Amino acid sequence: MGSLVGIGFTVSLFVSNLAFEDAAGLTQAKLGVLAGTLLSALVGAVWLRVVLSRTSGHSSAR
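Residues numbered from 1 in each chain as written. Predicted model: local features only at pLDDT ≥ 70, side-chain atom pairs only at ≥ 80, totals over all residues. Heavy atoms only, no water.

**Student:** Teacher, can you tell me more about the UniProt feature "transmembrane region" (unreviewed entry) in the protein chain here?
**Tutor:** Listed under "transmembrane region" (unreviewed entry) in the UniProt record, and renumbered for this structure, are residues 33-52. End-to-end, the C-alpha atoms of residues 33-52 are 28 Å apart, and along that stretch the chain is 100% helix and 0% strand. (UniProt positions renumbered as here; feature names shortened; annotations may be inferred. Helix = DSSP H or I, 4+ residues; strand = E, 2+ residues; numbered from the N terminus.)

Right, dumping it as structure tokens:
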């Protein structure tokens with residue numbers, strides 16, 4: 001799964017380099033890709049913590 005995310009991140013940066021000729025647009029695109037990646041990592045970490053806490057709570061009740 002991590003490999004797919006890494007490929008998507010790299011492709012997003014590559015497409016940004018092709019799409020924007022001016023430095024300002026390229027910088028904004030790169031910051032957008034980075035912000036989206038960080039946000040998705042944060043959401044994934046929170047989701048994983050919630051799922052693991054629910055799973056560990058059920059196993060201790062048995």
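**Student:** Looking at this structure, I do not really get a nonpolar patch on the surface. What am I missing?
**Tutor:** Among the surface-exposed residues, Ile7, Val11, Phe14, Val15 and Leu18 lie close enough to one another that they form a single nonpolar patch of about 500 Å² accessible area. Within the secondary structure layout, isoleucine 7 lies in helix 1 (residues 2-19). (Patch = residues over 30% accessible without salt bridge, like charges linked within 9 Å, V, L, I, M, F, W, Y side chains within 5 Å. Areas by Shrake-Rupley, 256 points an atom, 1.4 Å probe, with all protein chains shown as cover. Salt bridge = Lys/Arg side-chain N within 4 Å of Asp/Glu carboxyl O.)

**Student:** How should the environment of glycine 32 be read in this particular structure?
**Tutor:** Relative to the elements of secondary structure, glycine 32 occurs in helix 2 (residues 23-61). Here glycine 32 falls in the partly exposed class, since its relative accessible area comes to 44%. Separated by 20 residues in the primary sequence, glycine 32 and serine 12 have C-alpha atoms spaced 9.9 Å apart. (Buried < 20%, exposed > 50% of the residue type's maximum accessible area, 1.4 Å probe, protein only.)

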